[in-house]
Amino acid sequence: MLLDYLDLAYHNMRSRRLRSWLTVLGIVIGVTAVVALIALGQGMRRSVEREFEAIGYDTIIAFPGGGLGQGPGGGGFFGGGLIAQPINLDVLRQIPQVAQVGALRIETAMVTSQKMEGQGFLRVTGLGPGVRENFSGYFRNFALAAGRDFQPDDQFVAVLGNRLATDLGVTVGDEIAIDNQSFTVIGILQPIEQGRGGIGFGNINNALFVPMKALEALNQDEGKVSIVLVKAAKGAKVSEVANRIKSAMSRQGTPVSTVTAEEISQRISGVLGGIQMTLAAIAAISLLVGAVGVMNTMYTSVLERTREIGILKAIGAKDRHILSLFLIESGLIGFFGGVIGVLCGIGLSVLSSGFVARALAFGPVGGGTSFGAEFSVGLIIGTLVFSFVLGALSGVLPARQAAHLRPVEALRYE
Amino acid sequence: MIKLENVTRVYQMGQTLVQALRGLNLEIADGEFVAIMGPSGSGKSTLLHLIGGLDLPNTGRVLLDDLDIAQQNGNQLAELRGRKVGFVFQTFNLVPTLSALKNVELPMIFQKIPRKERYEKARRLLEQVGLGDRLHHKPSELSGGECQRVAIARALANDPRILLADEPTGNLDAESGEQIMQILKRLNEEQKMTIIVVTHNPDVARYAHRIIRMRYGQIEEIAQNTLEGV
């Protein structure tokens, strides 16, 4: 029965091809917009999630003092303003659920090179012992283009970001001066697409890494830390470990604030989800316009086919048969619109994901991983079902009108 | 047995009320071939629509085998139109988007006849009316006479006992009209189908056993046809 109705509806749509396609087009536009926006939104969330998966969901980032946007520099943890403060890392190591502890120290220092005239204040990142090896996810963009990595005995040596090396005019083996102390350049990093960096050291192309003890020697102090990285032991609950870290450090008189990858990714996902829903709601308006188009077409169709409805009734069609015929036809219009719209939406989001990736690169996270639109089977099936239902719903009123026509009057209609 | 008792039907046409039928009484026996004649507006078509359950009387009873049509709801009337009666119209009233075969299958779709059975029967019916080679033509690709034969095949799809034809030859040339009437005559004679034809055309009326003349919504005269089928 359903097949027969589909067949009849299809014949009808074919006989009014142009109008059917135009009506379908109305739905296509709406569905395309909705699918593309949702796919891009999902892709964005996935990209953020991947970013934090790379850092590792077991990693806790702790900021001495106010941390998180409250430091004296006010720059927040993504940018700068991380003031180094004395922290007893051994206290952290003694917490049972802590597997690894690493430290970064970030200072601003005057940097000059012999090959270039002038000087500049640059951010210098001091790497604590073992931090590169133990937190490889955090340093995943730290890849050498030339020279060698740090070794335990190194002191006054530096690894430079690619662009900084160019700006300073130095290559491996050259000397630079940091706060008048001479450092040997031992390595230069591979250039990374603009914007990609890491928490704490910004754009890695401009980064300047030295061993922690070199910074300590320059500042003539010891044990000061800007960022503490803590890896939770396997199976430990990360948020619990973070709480233990906070209370342990409070007892020491050096309070820290912590963020976990999970927290940040949830927060960003939440914001992205909100934006995505808003955009999808706007796109849904065009879908509504399409639905009005379907309704209009179906009303016209009922009017045009009044006589035909009379004929069908004369040969035994009941009201519900006529109702089903028109509902299925409007549903089909919606469904076709859905199918084409899903395909166009996928196409559009794939094409535009390049633009979005570039936009993301300037975003808060620095776009550490690649970006692509994401399509779930649920999105596709859901959209198809939704467009069929939307089409059918748009046809309800016209179909009811058709079903309730009185056969004699319908037959007399010219 | 078809029986009309004191049937009236009034239409509202704009501001005026039209008395289409005024207290009409009529009996038609099973297997009869009846022609209804009369000038335009005499109520012929209204009578046909009432018998076929397409319309309802304002007062009086329309009985089809003791079933009062006026007491039936919309679904029951649809059932009646689908199973007991077949309609043939002056303007054929085929669905223009469907092939001859599909048009004949339509009434069977509404009666939930299985696809294969439906197809076979539609094909057989079209062969019976001489259109075995026109199964997949659309109405626009058929002549008037052919369209009317498709319409007859469609009317026969659910084996009705009564065939109602409203000016079946009105849009046809003499030869095609003759063919149509021959088919109706054969159905009446071979299958004992009750046939009621509304017509202006005396050549059509001569196929009937009885000729009912109407005027002003009433029966003016009922005549036995002595020149039957000549």
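These numbers come from a predicted model, not from an experiment. (Residues numbered from 1 in each chain as written. Chains lettered and ligands numbered in written order. Predicted model: local features only at pLDDT ≥ 70, side-chain atom pairs only at ≥ 80, totals over all residues. Heavy atoms only, no water.)

With respect to the overall build of chain A
For step 1, the next point in the chain: Across its full length, chain A holds 12 helices and 14 strands.
For step 2, the next point in the chain: The globule rule puts the C-alpha radius of gyration for 414 residues at 22 Å, and the 32 Å found for chain A is more than 25% above it.
For step 3, the next point in the chain: In terms of overall dimensions, chain A has C-alpha extents of about 105 × 50 × 30 Å along its principal axes.
For step 4, the next point in the chain: In chain A, buried positions account for 50% of the 414 residues.
For step 5, the next point in the chain: When contacts within chain A are restricted to residue pairs at least 6 apart in sequence, those whose partners lie at least 24 apart make up 80%. (Helix = DSSP H or I, 4+ residues; strand = E, 2+ residues; numbered from the N terminus. Rg over C-alpha atoms; globule rule 2.2 N^0.38 Å. Buried < 20%, exposed > 50% of the residue type's maximum accessible area, 1.4 Å probe, protein only. Contact = heavy atoms within 4.5 Å.)

Side note on the packing of aromatic side chains
For step 1, the next point in the chain: In the structure shown here, the tally under the stated rule is 6 aromatic pairs over all chains.
For step 2, the next point in the chain: On the numbers, 5.0 Å between centres and 65° between planes, the contact of Phe142(A) with Phe209(A) is edge-to-face. Here Phe142(A), found in the loop between α4 (131-134) and β5 (144-147), pairs with Phe209(A), found in strand β11 (residues 208-211); they are 67 residues apart in sequence, far enough to count as distant.
For step 3, the next point in the chain: Assessed through its relative accessible area of 8%, Phe142(A) is described here as buried.
For step 4, the next point in the chain: Ring centres 6.5 Å apart and planes at 50° place the aromatic pair Phe335(A) and Phe336(A) in the tilted group.
For step 5, the next point in the chain: Its relative accessible area of 27% is what places Phe336(A) among the partly exposed residues.
For step 6, the next point in the chain: Among the aromatic residues, those joined into a ring-pair cluster are Tyr138(A), Phe139(A), Phe142(A) and Phe209(A).
For step 7, the next point in the chain: Taking NZ or CZ as reference, Lys231(A) lies 5.3 Å from the ring centre of Phe135(A), over its face.
For step 8, the next point in the chain: Between the NZ or CZ atom of Arg412(A) and the centre of the ring of Tyr11(B), over which it lies, the distance is 4.8 Å. (Phe/Tyr/Trp six-rings, centres within 6.5 Å; stacked < 30°, edge-to-face > 60°. Lys NZ or Arg CZ within 6 Å of the ring centre and 35° of its normal.)

Brief notes about the sheet that holds strand β4 (residues 59-64) of chain B
For step 1, the next point in the chain: Strand order in the open sheet formed by 4 strands is β2-β1-β4-β5 (chain B), with antiparallel pairing between adjacent strands. Each of the sheet's edge strands pairs with one partner strand only, and the pair in question is β2 (16-28) and β5 (67-68) of chain B. (Pairing = 2+ DSSP bridges.)

Some thoughts on the sheet that holds strand β9 (residues 210-215) of chain B
Think of a sheet as strands paired side by side through backbone hydrogen bonds, with each pair either parallel or antiparallel.
All names here are of chain B.
For step 1, the next point in the chain: Ordered in space as β6-β7-β8-β3-β9-β10, the 6 strands form an open sheet in which the pairing is mixed. Two strands in the sheet have a free side with no partner beyond their single neighbour: β6 (85-88) and β10 (218-224). Averaged over all neighbouring strand pairs, the angle between strand axes comes to 20°, with direction disregarded.
For step 2, the next point in the chain: Bridging between strand β3 (residues 33-37) and strand β8 (residues 194-198) involves 4 bridges; their strand directions are parallel. Paired with Ala35 across the two strands is Val197, which belongs to β8. (Axes fitted to C-alpha atoms, helices over the stretch in contact; angles between N-to-C directions.)

Quick notes on the confidence of the model for chain B
Interpreting fine coordinate detail is not advised for predicted regions of low pLDDT.
For step 1, the next point in the chain: This prediction gives chain B a mean pLDDT of 92; 98% of its residues lie at or above 70.
For step 2, the next point in the chain: Interface confidence for the predicted complex, given as ipTM, is 0.92, next to a pTM of 0.73. (pLDDT = per-residue confidence, 0-100.)

Focus on the interface of chain A and chain B
For step 1, the next point in the chain: Counting from both sides, the interface comprises 28 residues of chain A and, opposite them, 29 residues of chain B.
For step 2, the next point in the chain: Summing both partners gives a buried area of about 2500 Å² for chain A against chain B, and 61% of it is carried by carbon and sulfur.
For step 3, the next point in the chain: Between chain A and chain B we count 5 salt bridges in total.
For step 4, the next point in the chain: Ionic pairing is found between Arg406(A) and Asp55(B), a salt bridge with its closest N-O pair at 3.6 Å.
For step 5, the next point in the chain: Linking chain A with chain B are 8 residue pairs in polar contact (both at pLDDT 80 or more).
For step 6, the next point in the chain: At the level of elements, α1 (2-15), α9 (306-314), α10 (319-361) and α12 (407-412) of chain A are the ones that each hand at least two residues to the side of chain A that touches chain B.
For step 7, the next point in the chain: The element contributing the most residues to the side of chain A that touches chain B is α1(A), with 8 residues. (Buried area = accessible area lost by both parts, 1.4 Å probe. Salt bridge = Lys/Arg side-chain N within 4 Å of Asp/Glu carboxyl O. Polar contact = N/O pair within 3.5 Å; in protein donor to acceptor, adjacent residues only side chain to side chain.)

Regarding the packing of helix α8 (residues 261-304) of chain A against helix α11 (residues 377-403) of chain A
Residue and element names in this part refer to chain A.
For step 1, the next point in the chain: Between α8 and α11, the shortest axis-to-axis distance is 9 Å and the interhelical angle comes to 35°. Like other packed secondary-structure pairs, α8 and α11 cross with a definite hand, here right-handed. Each of Leu287, Ala291, Val294, Met295, Met298, Tyr299 and Val302 in α8 lies in contact with α11, whose residues at this interface are Phe386, Leu390, Gly391, Ser394, Gly395, Leu397, Pro398, Gln401 and Ala402.
For step 2, the next point in the chain: A class-by-class count of the residues in the contact of α8 with α11 yields 12 nonpolar, 4 polar and no charged. (Left-handed = near helix turned anticlockwise from the far one by under 90°. Nonpolar A, V, L, I, M, F, W, Y, C, P; charged D, E, K, R; others polar.)

Here we look at the side chain of Asn205(A)
For step 1, the next point in the chain: Within the secondary structure layout, Asn205(A) lies in the loop between β10 (202-203) and β11.
For step 2, the next point in the chain: Non-local contacts of Asn205(A), meaning those with residues more than four positions away in its chain, are made with Gly161(A), Asn162(A), Arg163(A), Leu164(A), Gln190(A), Pro191(A) and Ile192(A).

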